[in-house]
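Residues per chain are reported as follows:
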Amino acid sequence: MSKHSSYLHWILALALVVVFSFGAVSSAKAFEFIEDGDLPAAEVVDDDLFIVGERVVIDGTVNGDLFAFGQSVVINGTVNGSLFTGAQFVEINGEIAGSVYNGSNTTMLRSSAKIGRNLYFGGFSLDVKNGASIDRDVAVGGYQAVIAGDVGRDLHVGAGALEISGSVGGDVIAEVDASEGDMESMPFMPFMPPGTPSMISPGIYISEDAKIDGTVTYVSPIDQADNIESEPEGGVVFSTPVPDEPAPGEPLRTETSPGVDLAMKIGRWFLKRLRELITLLVLGALVLWQLPGLFNKVVAKAQAEPLPATGWGFLSLLVGYIGAAIVGSLILAFGIFFGVLTLGGLGRTIFGVGFSSLGLAFAVFLLLVNYGSKLVLAFWGGKWILGKLAPNAAESKVWPLVLGVVIYVLLRGIPFVGWIFGLAATLVGLGAIWMVFRDWREAAPVEAEAIA
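What counts as what
- Residues numbered from 1 in each chain as written.
- Predicted model: local features only at pLDDT ≥ 70, side-chain atom pairs only at ≥ 80, totals over all residues.
- Heavy atoms only, no water.
- Salt bridge = Lys/Arg side-chain N within 4 Å of Asp/Glu carboxyl O.
- Buried < 20%, exposed > 50% of the residue type's maximum accessible area, 1.4 Å probe, protein only.
- Phe/Tyr/Trp six-rings, centres within 6.5 Å; stacked < 30°, edge-to-face > 60°.
- Helix = DSSP H or I, 4+ residues; strand = E, 2+ residues; numbered from the N terminus.
- Pairing = 2+ DSSP bridges.
- Expected span 1.5 Å × (residues − 1).
- Core = buried A, V, L, I, M, F, W, Y, C linked by side-chain atoms within 4.5 Å.
- Contact = heavy atoms within 4.5 Å.
- pLDDT = per-residue confidence, 0-100.
- Arc of directions from axis to C-beta.

**A closer look at the pattern of salt bridges**
- Applying the stated rule across the entire model yields seven salt bridges.
- Here Lys129 and Asp127 are joined by a salt bridge, their closest N and O atoms 3.0 Å apart.
- For Lys129, a relative accessible area of 29% corresponds to the partly exposed category.
- Assessed through its relative accessible area of 16%, Asp127 is described here as buried.
- Ionic pairing is found between Glu305 and Lys301, a salt bridge with its closest N-O pair at 3.4 Å.
- Residue Glu305 is classed as partly exposed on the basis of its relative accessible area, which comes to 30%.
- Among the residues examined, Lys301 registers a relative accessible area of 16% and is labelled buried.
- Connected via shared salt-bridge partners are Lys301, Glu305, Arg438 and Asp439.

**With respect to the packing of aromatic side chains**
- Counting across every chain of the model gives 13 aromatic pairs.
- On the numbers, 5.5 Å between centres and 15 degrees between planes, the contact of Phe124 with Tyr143 is stacked. Placement of the pair is Phe124 in strand E14 (residues 119-128) and Tyr143 in strand E16 (residues 138-147), with a sequence separation of 19 residues. The pair formed by Phe124 and Tyr143 is uniform in burial state, with each residue classed as buried.
- On the numbers, 5.7 Å between centres and 45 degrees between planes, the contact of Trp434 with Phe437 is tilted. With Trp434 and Phe437 both in helix H9 (residues 418-451) and three residues apart, the pair spans about one turn of that helix.
- We classify Trp434 as partly exposed; its relative accessible area is 32%.
- Grouped by ring-pair contacts, the aromatic residues Phe50, Phe67, Phe84, Tyr101 and Tyr120 constitute a single cluster.

**Description of the sheet that holds strand E17 (residues 150-151)**
- With parallel pairing, the nine strands of this open sheet are ordered in space as E3-E6-E9-E11-E13-E15-E17-E20-E23. Two strands close off the open sheet at either side, each with one partner strand: strand E3 (44-45) and strand E23 (211-212).
- Bridge count for strand E6 (residues 61-62) against strand E9 (residues 78-79) is two bridges, and the pairing is parallel. Bridging across to E9, Thr61 finds its partner in Thr78.

**Some thoughts on helix H8 (residues 398-412)**
- Relative to the 21 Å expected for 15 residues at 1.5 Å per residue, H8 spans 21 Å between its end C-alpha atoms, a close match to the ideal helical length.
- Counting buried residues in H8 gives 13 out of 15 residues, a clear majority hidden from the surface.

**Thoughts on the pairing of strand E5 (residues 55-58)**
- Sheet topology places strand E2 (residues 38-39) next to E5; two bridges connect them, and they run parallel. Paired with Asp38 across the bridge in E5 is Val57.
- Taken together, the four bridges between E5 and strand E8 (residues 72-75) define a ladder with parallel strand orientation. Bridging from a neighbouring strand, Val56 pairs with Val73 of E8.

**Focus on the nonpolar core**
- One finds Leu66, Leu109 and Leu162 to be the most contacted residues of the largest nonpolar core, which totals 49 residues.
- What Leu109 contacts, discounting residues up to four positions off in sequence, is Ile92, Ile115, Leu119, Leu126, Asp127, Val128, Lys129, Ala132 and Ile134.
- In this structure, Leu288, Leu375, Leu411 and Met435 belong to the second largest nonpolar core, which totals 48 residues.

**Some details on the confidence of the model for the protein chain**
- In this model, the protein chain carries a mean pLDDT of 79, and residues with pLDDT of at least 70 account for 78%.
- Of the regions scoring below 50 in pLDDT, residues 1-30 engages in 50 contacts with residues more than four places distant in sequence or in other chains.

**With respect to helix H4 (residues 292-304)**
- For H4, spanning 13 residues, the distance from its first C-alpha to its last is 18 Å, which sits close to the expected 18 Å at 1.5 Å a residue.
- For H4, every residue scored as buried is listed here: Phe295, Val298, Val299, Lys301 and Ala302. Seen end-on, H4 carries its buried residues on one side only, within an arc spanning 160 degrees. Exposed residues lying more than 90 degrees from the buried face of H4 are Lys297 and Ala304.

**Some remarks on the pairing of strand E12 (residues 100-109)**
- Of all ten residues in E12, ten are buried, a share of seventy percent or more.
- Sheet topology note: the strand E10 (residues 83-92)/E12 ladder contains nine bridges and is parallel. Within E12, the position partnered with Glu91 by the bridge is Met108.
- As paired strands, E12 and E14 are joined by nine bridges and run parallel to one another. From the neighbouring strand, Ser104 faces E14, where its bridge partner is Gly123.

What follows is the structure, encoded as structure tokens:
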């Protein structure tokens, strides 16, 4: 896979933001929204489609990119663009003309599935059935990958287990485990989501039916030549992982191949973005459900006074972290002082009450810093974009949140500069929260006097 291909998903993310930000300003729709998770077989969407629901089912045709999020996503129809999806379970039976960017627990490509470009997967299990095809490259980061279908070019895998019984038109570049033991008895298995497939044994397995036109290069703690039953056209290259700290006198081992590094990085990127997306959407839904009025006040404050909010956000961060350290030191000092005076009795009380209260207050502060501030800017951004492109959707409580969070997560994931978007969201959002709290504090005594 070329260097340009490795940055393809970042380019697409940037392109998505550009389309949203500089698209047509008229009331004509620049993309479609579906909230019930269903696109019937007879329907055709001649544009990009955003669809959410507990169970998303695409039976129709999308003549554009498809963004699908839910507990499960099933693609039976045709997508004449790329597919971006995040779900617990993803099943593809139809045809995707572009690439698939997928973060999920489990993804299955049935025998009728066809992907015209690349497949990027980050999650627990990828299962490509016999008959399914990916015309270009596949990159996997997760626990296991079972490839019984056809891969047009290279297969990059960073996983615990890899099984190949299909065809690969290029090279196989993999880093796999080789530990032994009963998979079903592993301690984390009871905590896996329902519907998770059975774990296959760690290692690399290439059946005698597999056809590989390139070279198989794999990194593993042990040589697994006995598990490679067919001979790749380019042969097999085995190396052991590079230890973090080699023992004195031990020779350095072969470094992990760039392809494996790429697969692992893509997998980690998808999982991190998926976790961030789900967390923000869940917390945002709770806020809009329980505190819609207060949240709208904070968003309005950020929109009306973004520069003052940024300044107050910076001060709030300083005061929050430095103040927590000072208060913690005072609790420690007073606890020790009164513990000496009262032979420990009052000291234990000060430690218990003081640190418990400080811990609770600091946890709330971190919740606002890490999530609350991001939700403020995401909702504001989503509402502004929808106001330009789809005014009717801008009045919804759901779509500004979903669109804003998706865009924020993509921007936050851009290498080297993503932290700038995260910092900006933290400062503006946290500052707006403080300003609304300050206004409430100032208005409370006035209201009390008026009532008196």
